[in-house]
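Coordinate inspection notes
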Amino acid sequence: MSYRIEDDHPETAAVSGVAETDIEFDGRTQTWRCRLEVSSDATHFLYRFRREVLENGRSVREREWEERIPRDHQ
């Protein structure tokens, strides 16, 4: 995980991270790769998440989510 915050502009804070997990079974190796990014501005958060599944090094499935979330300032 990596965080970025500027003292002069805290509304533009961001975080990102990557993860990878390998699972070995029945002579196969599955790798799950994930990437998370959350950033912001004065009115919204932007959420992005990507997941990819590889089997024996070959991509077999991937999916990506993205959402813009209004800040409610509660």
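The shown structure was predicted, so the numbers you read here are calculated from the model rather than taken from an experiment. (Residues numbered from 1 in each chain as written. Predicted model: local features only at pLDDT ≥ 70, side-chain atom pairs only at ≥ 80, totals over all residues. Heavy atoms only, no water.)

1. Details of the overall build of the protein
Spelled out, the test is: Segments assigned H or I by DSSP are reported as helices when at least four residues long, segments assigned E as strands when at least two residues long, and all are numbered from the N terminus. Just to be clear, the radius of gyration here is over C-alpha atoms, and the globule rule we use is 2.2 Å times residues to the power 0.38. We call two residues in contact whenever any of their non-hydrogen atoms come within 4.5 Å of each other. Accessible areas in this description were obtained via Shrake-Rupley with a 1.4 Å probe; residue shielding takes into account the shown protein chains only. Counted as positive: Lys and Arg. Counted as negative: Asp and Glu. His and the chain ends are not counted at all. We put the charge of a Lys on NZ, of an Arg on CZ, of an Asp on CG and of a Glu on CD.
Looking only at helices and strands, the protein features zero helices and five strands. Along the protein, helices (α) and strands (β) appear in the sequence β-β-β-β-β when read from the amino end. Scaling as 2.2 N^0.38, a compact globule of 74 residues should have a C-alpha radius of gyration of about 11 Å, whereas the protein reaches 17 Å, well beyond that. Principal-axis analysis of the C-alpha atoms places the extent of the protein at approximately 50 × 20 × 20 Å. Sequence-distant contacts, at least 24 apart, represent 27% of the contacts inside the protein between residues at least 6 apart. Surface exposure of the protein reaches about 5,900 Å², of which carbon and sulfur atoms provide 47%. Distance between charge centroids for the protein: 6 Å, based on 12 positive and 17 negative side chains.

2. Notes on the side chain of Ser40
This is how the line gets drawn: Whether a residue is buried, partly exposed or exposed follows from its accessible area with a 1.4 Å probe, protein chains only, as a fraction of its type maximum: under 20%, in between, or over 50%, in that order. Distance and chemistry together define a polar contact, namely a pair of N or O atoms within 3.5 Å, with one atom able to donate a hydrogen and the other to accept it when in protein, and with adjacent residues in sequence counting only for side-chain atoms on both sides.
As for its placement among the helices and strands, Ser40 is situated in strand S3 (residues 28-40). By relative accessible area, Ser40 is classed as buried at 14%. In this structure the side chain of Ser40 is engaged in a polar contact, spanning 2.5 Å, whose partner is the backbone oxygen of Glu11. Among the polar contacts listed, one links the side chain of Ser40 to the backbone oxygen of Ala13, at a separation of 3.0 Å. With sequence-adjacent residues up to four places away left out, Ser40 is seen in contact with Glu11, Thr12, Ala13, Phe45 and Arg71.

3. Some thoughts on unusual backbone geometry
The phi dihedral of Asp26 falls on the positive side, at around 45 degrees, and the residue is not glycine. Topologically, Asp26 is positioned in the loop between strand S2 (9-25) and S3. The backbone phi angle of Asn56 is positive, close to 50 degrees, even though this residue is not glycine.

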